[in-house]
There are 2 protein chains.
Amino acid sequence: MNIDDIDTPAILIDLDVAEANMARAQTYADTHGLALRPHIKTHRLPYFARRQVELGAKGINCQKLGEAEVMADAGLTDILITFNIIGKAKLDRLAALHARVSVAVVADNVPVIEGYAARFTDAGHPLDVLVECDTGAERNGVQSAQQALDLARLIDAAPGLRFAGLLTYPPSDPKATGAWLTKARQVIEDAGIAVPKVSSGGSPTLYAAHETDGINEYRVGTYIFSDRMQVAAGLGTIQDCALSVLLTVASRPTENRATLDGGSKALAADICAAPGHGHILEHPDAIVTKLSEEHAVVDLAACAEKPGIGARVRVIPNHVCVVVNLFDKVHLMRGNKVEQVLDVSARGKSN
Amino acid sequence: MNIDDIDTPAILIDLDVAEANMARAQTYADTHGLALRPHIKTHRLPYFARRQVELGAKGINCQKLGEAEVMADAGLTDILITFNIIGKAKLDRLAALHARVSVAVVADNVPVIEGYAARFTDAGHPLDVLVECDTGAERNGVQSAQQALDLARLIDAAPGLRFAGLLTYPPSDPKATGAWLTKARQVIEDAGIAVPKVSSGGSPTLYAAHETDGINEYRVGTYIFSDRMQVAAGLGTIQDCALSVLLTVASRPTENRATLDGGSKALAADICAAPGHGHILEHPDAIVTKLSEEHAVVDLAACAEKPGIGARVRVIPNHVCVVVNLFDKVHLMRGNKVEQVLDVSARGKSN
């Protein structure tokens, strides 16, 4: 099977580029003594999760229980879920997961820890809990070292829980994040509680991870495929983007307008610093000016050659993670040859 | 099963509100002698497609072959696909569909019509083809009445095709759209070709459809559930929104900040004229300021009562169609009671 046999819209993943991205990150992490923990939200595929671990990743990061269950089913054994888990239905699923693989979770508040403590009571097989810290990016997380200590004490006091360390996402700049986490670690250690792990993450700042004082783990998702957002943020070039969306030119209403057969349901509507909604590899001067759900409108004014109706183009999306979640399958490519077609088995998984 | 038994994130559909929205639109269309053809991209569910037809809809509108196949499997018999269909794989599927239900398609260019004409050659069972017109919104469509006539002639001359009329989307304002379509119809009729159907559409302008001269069909999707975009555009109020996303308050990092357990993967990132990324029914003064993929950050500064960790809230999304496509199932509600849980059977369907 060849690229010409693939119906559009479709996701293509260049295996050589993805492999190079994975290897480069692992080498960097190894060089700096950081545990690498890839976030599977970007690929949603056991295929790549296994490969990341084979290359040396410590384990994987999931955001939802449903993702973690898929990965555990596929043989992944070290899973961190970086979202407060609330309610009986989810805690029961977490307990089932904890019974079969090594799983760690996070908390940034008392009620969430109370929920864990009530459900997990076996001191012989405690649940690892990290305290999530807001180091300046204003999403989740405790607001101070003192709050981190309060939660660490609460976890430490619960027989079925084990305080596993500190975690942040998104980080603020590496210096500020490092200072925040180092202070919190010190305060907790001064109180006599060990801090085994200090974890930061994020693809745009991956190769500055060693500038963050005190961390020993780095979590990273998008780096495997990269996208226009990452390139705009300084992570490599457009040639380092492994995933493209194959689309067909469905209409040429005017000399300078083309429409493609995929819109926000294929490319996602996320915007980034680069102009438009994607980079067309075959026509780098084209601008994807507008998306509706099933149409991309393209301005061809700056293009020396303009594609005809029926031409197929590969579009590097602005934000690759949300694109993968829109498709049921992906095509793994070696050049123009399809090596495998995979179901995106951790797609969806709303809870 | 009750609302309290539903794990979050989850889609809730208020059946009474959806039913009222469907009935109101059908009554309006009947009053003005317009055929109503609902677009299924909003609900992606045979359940509602069948109900729309029961209430008097002429047939349904799909955007992708995959959606049309799901609807045909579910017993829908009159299907219009409003996207140029290109390539052997898709034309073969179209032929299979044409063999079992009444199907019509569109074209706005010569190569697409040549594709239809080469694949459909049975004069005894011709394929209906409408010419898509760009009446000012600059997406797909022919640019002039003369171009519409040229394509109508090409369709009319193909033994296996039947020219079925004119179609536009998105329309420009009703007067301009009406004038454009009326002129094109006249030019084509003057050339001796009948124009059975003239079709416009769009939820925001649904109740001004009768002001569009010369149309006899109106296609409409979002009206069934409505959303913040529609309300901002003048279609009813927030109480007319039938679909909400049930989320849990997962964190309260500060006095005025909450985070919910769903982000752009639950609410979609589309923005609209109203502030923020959704309307929280229980806290109408809250603003959903920021979405990441799995987090919604909420500013509670203006709220008299602020929800605690674990509280559950219903969020009316900005753009409902893309939200439905992100979930695998929906909950049909009568008040707080779950009447049915349905798989979103036409979700995804990239091609």
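Treat the numbers as computed from the prediction; the structure is a model and nothing was measured.

1. Brief notes about the overall build of chain A
A tally of regular secondary structure across chain A gives 10 helices and 17 strands. Computed over C-alpha atoms, the radius of gyration of chain A comes to 22 Å, within 12% of the 20 Å expected from 2.2 N^0.38 for 351 residues, which places it in the range of a compact globule. Dimensions along the principal axes, computed over C-alpha positions, put chain A at roughly 70 × 40 × 35 Å. Counting the 351 residues in chain A, one finds 59% classified as buried. Long-range pairs, those at least 24 residues apart, make up 68% of the contacts in chain A with a sequence separation of at least 6. Accessible surface, chain A as shown: approximately 12,300 Å² in total, 51% of it carbon and sulfur.

2. Observations regarding helix H7 (residues 174–190) of chain B
Residue and element names in this part refer to chain B. An ideal rise of 1.5 Å per residue puts 24 Å on 17 residues; H7 measures up with 24 Å between its terminal C-alpha atoms. Among the residues making up H7, those that are buried are Pro174, Thr177, Gly178, Trp180, Leu181, Ala184 and Ile188. Buried residues of H7, seen end-on, are gathered within an arc of 165 degrees and therefore sit on one face of the element. Exposed side chains of H7 directed beyond 90 degrees from the buried face belong to Lys175, Lys183 and Asp190.

3. Regarding the nonpolar core
Leu94 and Tyr116 of chain A together with Leu94 and Tyr116 of chain B are the most contacted members of the largest nonpolar core, which totals 203 residues. Apart from the residues lying within four places of it in its own chain, the contact partners of Tyr116 of chain B are Phe83, Asn84, Ile85, Leu91, Leu94, Val105, Val106, Ala107, Leu127, Val129 and Leu161 of chain B.

4. Remarks on the interface of chain A and chain B
Taken together, the contact between chain A and chain B spans 57 residues of the former and 57 residues of the latter. Interface of chain A and chain B: buried area, both sides summed, is about 4,500 Å²; carbon and sulfur atoms make up 47% of it. Residues Lys90 of chain A and Asp261 of chain B are paired through a salt bridge, measuring 3.9 Å at the closest nitrogen-oxygen approach. Taken together, chain A and chain B are joined by 34 residue pairs in polar contact (both at pLDDT 80 or more). Among the elements of the structure, helix H4 (88–98), helix H5 (110–119), strand S10 (243–254), strand S11 (257–260), helix H9 (264–267) and helix H10 (320–324) of chain A are those that each provide at least two residues to the side of chain A that touches chain B. Sorting elements by how many residues they give to the side of chain A that touches chain B places S10 of chain A first, with 6 residues. Classifying every residue of the side of chain A that touches chain B by side-chain character gives 17 nonpolar, 20 polar and 20 charged.

5. Here we look at the UniProt feature "domain: D-serine dehydratase-like" (unreviewed entry) in chain A
Per the UniProt entry, the sites bearing "domain: D-serine dehydratase-like" (unreviewed entry) are residues 242–334 of chain A in this numbering. This span, residues 242–334 of chain A, is 10% helix and 41% strand, and a straight line between its end C-alpha atoms measures 11 Å.

6. A closer look at the relation of the copies chain A and chain B
Its rotation angle being 180 degrees, the transformation that places chain A on chain B also includes 0.0 Å of axial translation and leaves an RMSD of 0.0 Å. This pairing of chains is accounted for by a two-fold axis. Most of the interface of chain A is mirrored in chain B: 100% of its interface residues are interface residues there too.

7. As for the packing of helix H6 (residues 145–157) of chain A against helix H7 (residues 174–190) of chain A
Residues and elements named next belong to chain A. Across the interface, H6 lies against H7 with an axial gap of 9 Å and an inter-helix angle of 45 degrees. Here H6 lies oblique to H7, going by the angle between them. The chirality of how H6 crosses H7 is right-handed. Facing Ala145, Ala148, Leu149 and Ala152 of H6, the residues of H7 in contact are Trp180, Lys183, Ala184, Val187 and Ile188. Split by residue class, the contact of H6 with H7 holds 8 nonpolar, no polar and 1 charged.

Calculation criteria
Residues numbered from 1 in each chain as written. Chains lettered and ligands numbered in written order. Predicted model: local features only at pLDDT ≥ 70, side-chain atom pairs only at ≥ 80, totals over all residues. Heavy atoms only, no water. Helix = DSSP H or I, 4+ residues; strand = E, 2+ residues; numbered from the N terminus. Rg over C-alpha atoms; globule rule 2.2 N^0.38 Å. Buried < 20%, exposed > 50% of the residue type's maximum accessible area, 1.4 Å probe, protein only. Contact = heavy atoms within 4.5 Å. Areas by Shrake-Rupley, 256 points an atom, 1.4 Å probe, with all protein chains shown as cover. Expected span 1.5 Å × (residues − 1). Arc of directions from axis to C-beta. Core = buried A, V, L, I, M, F, W, Y, C linked by side-chain atoms within 4.5 Å. Buried area = accessible area lost by both parts, 1.4 Å probe. Salt bridge = Lys/Arg side-chain N within 4 Å of Asp/Glu carboxyl O. Polar contact = N/O pair within 3.5 Å; in protein donor to acceptor, adjacent residues only side chain to side chain. Nonpolar A, V, L, I, M, F, W, Y, C, P; charged D, E, K, R; others polar. UniProt positions renumbered as here; feature names shortened; annotations may be inferred. Least-squares fit on C-alpha atoms with pLDDT ≥ 70 in both. Axes fitted to C-alpha atoms, helices over the stretch in contact; angles between N-to-C directions. Parallel < 35°, antiparallel > 145°, perpendicular 65-115°, else oblique. Left-handed = near helix turned anticlockwise from the far one by under 90°.

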